[in-house]
Amino acid sequence: MSPPSILNVSGLTKHFPIPHGLLGRQEHIVRAVDDVSFSLAHGQTLALVGESGCGKTTLARMLLRLLEPTSGSVEIEGKDIATMSKAEMRRFRTNVQAVFQDPWASLSPRMRVFDIVAETLVINDNLTKGELTRRVDEALIAVGLRPEQAKYYPHEFSGGQRQRIAIASAIIAKPKLIILDEPVSALDVSIRSQIMNLFKDLQQDVGCSYVVVAHDLGTTRFMADRIAVMYLGKLVEIGPTDQMFDAPQHPYTQALLSAALPLRVDTPHEAIILRGDVPSPVNPPTGCPFHPRCQSVIGDICKTVPPRLKELGSPDHVMSCHIDP
């Protein structure tokens, strides 16, 4: 039996209107995220991957309710976040946290580390000063920092240490779900493995779930239990990490994962080079959005009929493509 879901996303869509023409009276629509559905089990990690502009970050911001969707729903433990009361939203802000790409931009330079890390508890919980100090100390120790460093400001730390501060701020409330938006891409290569191992250790200790937005496919393979591949705002394939890397089915997934470095240098490896550029989300192709760049187009059906998600042997692995696996 699969573990229960903490996150259920159903038909999630985000369209941005862009005024144009004389006096901006006409509008174009940017289809940033288009009818995306998936679920995430307690204690597991889902990675969102795809080229820049595919909608990953927009999707992550809707999961945090930093953006309101055009349509569709996001449920946390069965509760639609769009219909939550004020009290439920306070719990949501405690249970769902985020770690962003740039640790410098996400930390206030005017606040000491203690205040940054404690902020979630100060806003959402009524704790004594002693209890608050104990929780901050525990969070800093958990991410490999010393409690006495709580009195310093962010500029007094290295990039890797600032990311640890951001992580401490995210975990102090013991959240059930953490959204990681490119959490290691701004760090030196020598620091990335430390932070990724830290995330894995914290998941075992706290039992939280992750949604990871990532360009680095090495990060994805190390951290994720499942991978969701997005193209032009749509979900094209989602499945277990090992299956996705060992036997990707969608032509775009095959091309994307072929760009990842092999685990063994003696393994035959050839990257798939896609033709052309990603189409504009303002004027996406008809039919399958990937068909102008796909090397496996099968007649007019790919150009005229949008494919639907279909199972690939199990409900855990699905693909949106007209090609039979």
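See the structure shown above.
Computed from a prediction, not measured in an experiment: that's the story for all the values here.

**Regarding the packing of helix H5 (residues 159-171) against helix H6 (residues 189-206)**
Logical step 1: Where H5 contacts H6, the two axes come as close as 11 Å, and the packing angle between them is 15°. Classified by the angle between their axes, H5 and H6 sit roughly parallel to one another. In terms of crossing hand, the pair formed by H5 and H6 is right-handed. Within the contact between the two elements, H5 uses Gly-160, Gln-163, Arg-164, Ile-167 and Ile-171 and H6 uses Ile-191, Gln-194, Ile-195, Leu-198, Phe-199 and Leu-202.
Logical step 2: When the residues that make up the contact of H5 with H6 are grouped by side-chain class, the tally is seven nonpolar, three polar and one charged.

**Section: the packing of aromatic side chains**
Logical step 1: Counting across every chain of the model gives five aromatic pairs.
Logical step 2: With a centroid separation of 4.7 Å and an interplanar angle of 55°, the aromatic rings of Tyr-231 and Tyr-252 are classed as tilted. Highlighted residues: Tyr-231 in strand E9 (residues 226-231) and Tyr-252 in helix H9 (residues 251-258), separated in sequence by 21 residues. As far as the burial class goes, Tyr-231 and Tyr-252 line up, both buried.
Logical step 3: Measuring from ring centre to ring centre gives 5.3 Å for Tyr-252 and Phe-290, while their planes differ by 65°; the resulting arrangement is edge-to-face. With a gap of 38 residues between them, Tyr-252 in helix H9 and Phe-290 in the loop between H9 and helix H10 (301-304) connect regions that are remote in the sequence. A single burial state applies to Tyr-252 and to Phe-290, both of which are buried.
Logical step 4: The ring of Phe-222 carries Lys-200 above its face, with NZ or CZ at 5.6 Å from the centroid.

**Concerning helix H1 (residues 56-63)**
Logical step 1: In terms of burial, H1 is largely enclosed, as six of its eight residues are buried.
Logical step 2: Among the residues of H1, those classed as buried are Lys-56, Thr-58, Leu-59, Ala-60, Met-62 and Leu-63.
Logical step 3: Residue Arg-65 follows H1 closely and has a positive phi angle near 60°.

**Considering the nonpolar core**
Taken as a class, soluble globular proteins show a tendency for nonpolar side chains to be buried jointly.
Logical step 1: By size, the foremost hydrophobic cluster in this structure holds 38 residues, and its most contacted members are Val-117, Leu-140, Val-143, Ile-165, Ile-167, Leu-180 and Tyr-210.
Logical step 2: Going through the elements one at a time, helix H3 (113-124), helix H4 (129-142), H5, strand E7 (177-181), H6 and strand E8 (209-213) are the ones with two or more residues in this core.
Logical step 3: Residue contacts for Ile-165: discarding those within four places in its chain leaves Leu-107, Val-113, Ile-116, Val-117, Leu-145 and Phe-157.
Logical step 4: With 33 residues, the next largest nonpolar core counts Leu-12, Leu-67, Met-89 and Ala-228 among its residues.

Parameters at a glance
Residues numbered from 1 in each chain as written. Predicted model: local features only at pLDDT ≥ 70, side-chain atom pairs only at ≥ 80, totals over all residues. Heavy atoms only, no water. Axes fitted to C-alpha atoms, helices over the stretch in contact; angles between N-to-C directions. Helix = DSSP H or I, 4+ residues; strand = E, 2+ residues; numbered from the N terminus. Parallel < 35°, antiparallel > 145°, perpendicular 65-115°, else oblique. Left-handed = near helix turned anticlockwise from the far one by under 90°. Contact = heavy atoms within 4.5 Å. Nonpolar A, V, L, I, M, F, W, Y, C, P; charged D, E, K, R; others polar. Phe/Tyr/Trp six-rings, centres within 6.5 Å; stacked < 30°, edge-to-face > 60°. Buried < 20%, exposed > 50% of the residue type's maximum accessible area, 1.4 Å probe, protein only. Lys NZ or Arg CZ within 6 Å of the ring centre and 35° of its normal. Core = buried A, V, L, I, M, F, W, Y, C linked by side-chain atoms within 4.5 Å.

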